[in-house]
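Residue-level structure breakdown
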Amino acid sequence: MKKLFLFLNLFLLMFVAGTGKSFASKKYRYIKREHGVRFQGNIPMSFQGFTWNANLAGAYAYNWKGMIEVGPYFALAAGTSTGAFQLNSWAGGLLVEYNFIKNRGKRKFIPALGVTVGASKGGVGPELALGAHVSLKSFVAKRTAFITTLAYRLHTPVSGIFTSMIHHVEPRMGFAYYFDFY
């Protein structure tokens, strides 16, 4: 009987101690969206002899005060043309993006303008990759955004900068997830 009385008191003590926080008034937790990870891509196809290409891009961005996002990016272009799958090119560098509306809280649509500087390898040798893009971030959840981007990239050989240039215009779509460490 003593054990039952002790267990009942222990259960009552745990119940009272555990419910103290749950009955407290809830405070609104501000969603900071301080760190972001994004993955985008486009997959063009051709059916005359079946050519398939995939252009994938990813980035980590530190969201500084909700207005400027800075971080590394990478891009891969792979595909197949009537045969084996091969990696056509890769790129990596620094991404800087300016949000026209502060990327905090309950914002649903955030337009942004960005630039990229980096290196790429696709043709004969290493190239300098410069780019600019316009994005629209449409938040489908508190921390998840669907991003639509129209990007312009300029590739020039490192050995003779701006002697020959290759221009790319590419639309991309993908998702971004913003998080914060509490």
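Read on for a plain summary of the structure. Worth saying up front: this structure is predicted, and the values here are computed from it rather than measured. Along each chain, residues carry numbers from 1 onward, in the same order as the chain's sequence is written. Selection of residues for local features in this predicted model requires a pLDDT of at least 70, selection of side-chain atom pairs for listing and counting requires 80 or more, and totals for whole chains, interfaces and linings are taken over all residues. The side-chain figures draw on all heavy atoms in the structure; neither hydrogens nor water molecules are used.

All right, on to a nonpolar patch on the surface then. Here, patches come from residues exposed beyond 30% relative accessible area and free of salt bridges, joined within 9 Å for like charges and within 5 Å for nonpolar side chains (Val, Leu, Ile, Met, Phe, Trp, Tyr). Here the accessible surface of atoms and residues is derived via Shrake-Rupley with a 1.4 Å probe, and residues count as covered only by protein chains that are part of the display. Take a side-chain nitrogen of Lys or Arg and a carboxyl oxygen of Asp or Glu: if they are within 4 Å of each other, that pair is a salt bridge. Together, Phe39, Leu56, Phe74, Leu76, Leu87 and Trp90 make up an exposed nonpolar region whose accessible area comes to about 600 Å². Going through the elements one at a time, β4 (68-81) and β5 (85-99) are the ones with two or more residues in the nonpolar patch. Secondary structure elements are taken from DSSP: a helix is a run of H or I of four residues or more, a strand is a run of E of two residues or more, and numbering for both begins at the N terminus. Mapped onto the elements, Leu87 comes out in strand β5.

With that settled, the discussion passes to the environment of Phe109. Mapping Phe109 onto the fold places it in strand β6 (residues 109-121). Considering only alpha carbons, one finds Phe109 and Phe139, 30 residues apart in sequence, at a separation of 6.4 Å. Once residues lying within four places of it in the same chain are set aside, the contact partners of Phe109 are Ile101, Leu136, Lys137 and Ser138. Here, two residues are considered to be in contact whenever any of their heavy atoms come within 4.5 Å of each other.

To qualify as a nonpolar core, a set must consist of buried Ala, Val, Leu, Ile, Met, Phe, Trp, Tyr and Cys residues joined through side-chain atoms within 4.5 Å. Partly exposed residues are those whose accessible area sits between 20% and 50% of the maximum for their type, while under 20% is buried and over 50% is exposed, using a 1.4 Å probe and protein chains only. Counting six residues, the largest nonpolar core consists of Ile110, Phe139, Ala145, Ile147, Ala176 and Tyr178. Looking at this core, the elements with two or more residues in it are β8 (144-157) and β9 (166-179). Each residue touching Ile147, except ones within four places of it in the same chain, is listed here: Arg38, Gln40, Ser135, Leu136, Lys137, Arg172, Met173, Gly174 and Ala176.

Estimates place the volume of the largest pocket at around 570 Å³. A cavity here means a set of 1 Å grid points, computed over protein atoms only, where a 1.4 Å probe fits but cannot escape. A pocket is an open set with protein on both sides within 12 Å along at least 5 of 7 lines, and lining residues have an atom within 4 Å of a point. Forming the boundary of the largest pocket are 37 residues, of which Ala75, Ala91, Arg153, His155 and Glu170 lie nearest the centre. Of all elements in the fold, only β1 (35-42), β3 (51-64), β4, β5, β6, β7 (126-139), β8 and β9 reach the threshold of two or more residues within the lining of the largest pocket. Looking at which element gives the most residues to the lining of the largest pocket, the answer is β7, with six residues. Class assignment for the residues of the lining of the largest pocket results in 17 nonpolar, 14 polar and six charged. Grid points are joined across faces, edges and corners, and a volume is the space filled by probe spheres set on the points. In the scheme used here, Gly and all other residues not listed as nonpolar or charged are polar, with Ala, Val, Leu, Ile, Met, Phe, Trp, Tyr, Cys and Pro taken as nonpolar and Asp, Glu, Lys and Arg as charged.

Looking at where Ser120 falls in the secondary structure, it is placed in strand β6. Its relative accessible area of 3% is what places Ser120 among the buried residues. In terms of polar contacts, Ser120 uses its side chain to reach the side chain of His155, at 3.0 Å. If sequence neighbours within four positions are ignored, Ser120 has contacts with Trp90, Ala91, Gly125, Pro126, Glu127, Ala129 and His155. Here a polar contact is recorded for every N or O atom pair within 3.5 Å, except that within protein the pair must consist of a potential hydrogen donor and a potential acceptor, and residues adjacent in sequence are included only if both atoms are side-chain atoms.

The geometry of two aromatic rings is summed up by the distance between their centres and the angle between their planes. Geometry of aromatic contacts follows a simple scheme: Phe, Tyr and Trp rings, the Trp one being its six-membered ring, pair when their centres are within 6.5 Å, and the pair is stacked under 30 degrees between planes, edge-to-face over 60, tilted otherwise. If you walk through the whole model with that rule in mind, you get five aromatic pairs. When the centroid spacing of 5.3 Å and the interplanar angle of 65 degrees are considered together, the rings of Phe146 and Phe175 count as edge-to-face. One end of the pair, Phe146, is in strand β8; the other, Phe175, is in strand β9, with 29 residues separating them in the sequence. Judged by its relative accessible area of 27%, Phe146 is partly exposed. By relative accessible area, which is 46% here, Phe175 ends up partly exposed. Between Tyr177 and Phe179 the ring centres are 6.3 Å apart and the planes differ by 15 degrees, which places this aromatic pair in the stacked class. Exposure remark for Tyr177: the relative accessible area of 42% places this residue in the partly exposed category.

What follows is about the pairing of β1. A large share of β1 lies buried, amounting to six of its eight residues. Note that β1 and β3 share eight bridges and pair antiparallel. Looking at the pairing, His35 lines up with Tyr62 of β3. With seven bridges joining them, β1 and β9 adopt antiparallel strand pairing. The residue bridging Gly41 from the neighbouring strand is Met173, located in β9. Two strands pair if DSSP finds at least two bridges between them.

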